[in-house]
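What the coordinates show
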Amino acid sequence: VPQLAVCNLSVRFRLKTGQALQALTDVSFSVPAGETLGIVGESGCGKSTLARAILQLVTPTQGTVEWQGNTLNPHDKASMKAYRRAVQCIFQDPLDALNPRMTVGDIVQEPLLALRPELGKAAIRQRAADLLQAVGLESGMHNRYPHEFSGGQCQRIGIARALSVEPQVIVCDEPVSALDVSIQGQVVKLLAALQRDHHLTLLFISHDLRVVRNLSQRVLVLYLGRIMEIADTARLYAEPLHPYTRLLLAAIPLTDPQQERERLAQIRVGAGELPSPLNPPSGCVFHTRCPQAEAKCRAQVPALREVAQGRWVACHFQDSDQ
Ligand code: SF4
Ligand code: MG
């Protein structure tokens with residue numbers, strides 16, 4: 001039984017203008033316990049909506065989330081409470097996610113006081129201190145406030161907070177994107193170490209394929225709310241099968257921000273803009289940017305098919321012999 005499974009999940013938002021935004025369409029995948037699954041795609045592709053749907057922060061229009069083989073039922077209060085404890089999250093902006101009026105010690109204690117009050121105050125204080133230590137914050141720092149810390153340190157505090165209730169799953173939504181490149185690697189390493197030590201299941205969302213590479217066993221590629229490809233990490237990087245995955249790999253960012261802006265601008269010109277999710281292309285949603293698109297692509301949505309063991313691709317021109 002997988003730790004987590006998403007089954008035919010679709011999310012549509014109604015905007016204030018009355019327009020419908022289809023954020024996710026028929027997304028299905030499962031994650032075995034202890035796996036790190038990287039989820040990649042450009043911003044606006046539905047990654048955060050997927051995270052929020054898994055965290056039960058948005059209600060799907062269709063489809064379900066299964067946890068340890070059971071379909072989540074929002075009306076079942078006891079199992080939802082257990083789920084909320086088992087599935088924690090880390091968001092992109094670490095400072096935003098931390099209450100500015102609480103000390104970091106209190107920030108890490110808060111979920112335990114809410115969800116595990118039976119442990120008692122002294123044990124909770126000790127556990128918070130241990131966790132802050134484990135993420136690299138010395139004990140002298142525990143009485144300070146979030147604004148006194150760097151972005152990388154704040155993200156470490158967020159990680160300690162997420163770990164406090166002994167979760168089984170952590171959903172990380174762009175956890176290092178707001179950090180300096182020099183700090184990103186440290187935080188990724190920390191997450192990888194904690195994942196091993198605590199046998200966590202990680203969903204690691206990023207727009208940057210470089211970031212998920214060393215951390216993930218498998219990678220899922222999203223485009224305009226649909227899955228384009230799922231593959232073992234090594235195979236995805238060695239031999240990307242979906243044209244969008246190839247585009248993403250070609251777009252791996254440079255570290256110099258100026259060069260990076262120029263190069264990204266070029267890729268956008270060369271490969272076309274990301275279409276608006278308010279008005280997605282017909283057929284294969286990628287056809288407006290795909291170098292291999294043919295007439296069929298404009299007319300028919302390609303199914304996500306298993307083209308080789310464990311390898312799923314949504315493209316009309318991917319056959320099982322490849
Ligand atoms: Fe490109 Fe067509 Fe494949 Fe879509 S279905 S990725 S447009 S070749
Ligand atoms: Mg996002």
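- Naming follows an unreviewed UniProt entry, where the protein appears as ATP-binding cassette domain-containing protein of Thiothrix winogradskyi.
- You can read under Sequence similarities (unreviewed entry) in the UniProt record for the protein the words "Belongs to the ABC transporter superfamily."

**Some remarks on the sheet that holds strand E10 (residues 226–232)**
- The mixed open sheet is built from eight strands, whose spatial order is E6-E7-E8-E3-E9-E10-E12-E11. Only two strands of the sheet have a single neighbouring strand rather than two, namely strand E6 (87–90) and strand E11 (305–308). Strand-to-strand twist across the sheet, computed as the mean angle between neighbouring axes with direction ignored, equals 25°.
- Sheet topology places strand E3 (residues 36–40) next to strand E9 (residues 218–223); four bridges connect them, and they run parallel. The residue of E9 that forms the bridge with Leu 37 is Arg 218.
- In this fold helix H1 (residues 47–54) packs onto E3, E6, strand E7 (169–173), strand E8 (201–206) and E9, with an angle of close to 155° to the strand it touches most, E7.

**Brief notes about the confidence of the model for the protein**
- Per-residue confidence for the protein gives a mean pLDDT of 91; residues scoring 70 or more make up 93%.
- No element of the protein has a lower mean pLDDT than helix H11 (residues 257–271), at 59, and none a higher one than E10, at 98.
- The complex model carries a pTM of 0.91, and its ipTM stands at 0.97.

**Details of the site of ligand 1**
- In the region of ligand 1, the neighbouring residues are Pro 243, Cys 284, Phe 286, His 287, Cys 290, Gln 292, Ala 293, Cys 297, Pro 302, Cys 315, His 316 and Phe 317.
- In terms of residue class, the shell around ligand 1 is made up of nine nonpolar, three polar and no charged.

**Here's the deal with the pairing of E10**
- Most of E10 is tucked away, with six of its seven residues classed as buried.
- Relative to E10, E9 runs antiparallel, the two being bridged by six bridges. Across the sheet, Val 221 pairs through a bridge with Glu 229, a residue of E10.
- Counting the residues that bridge the hairpin from E9 to E10 gives two residues, and of these Leu 224 lies at a positive phi of roughly 45°.
- As paired strands, E10 and strand E12 (residues 311–313) are joined by two bridges and run antiparallel to one another. Along E12, the bridge assignment pairs Glu 229 with Val 313.

Thresholds applied
Residues numbered from 1 in each chain as written. Chains lettered and ligands numbered in written order. Predicted model: local features only at pLDDT ≥ 70, side-chain atom pairs only at ≥ 80, totals over all residues. UniProt positions renumbered as here; feature names shortened; annotations may be inferred. Pairing = 2+ DSSP bridges. Helix = DSSP H or I, 4+ residues; strand = E, 2+ residues; numbered from the N terminus. Axes fitted to C-alpha atoms, helices over the stretch in contact; angles between N-to-C directions. Contact = placed C-beta atoms within 7 Å. pLDDT = per-residue confidence, 0-100. Near = placed C-beta within 6 Å. Nonpolar A, V, L, I, M, F, W, Y, C, P; charged D, E, K, R; others polar. Buried ≥ 20, exposed ≤ 12 C-beta atoms within 10 Å, placed from the backbone.

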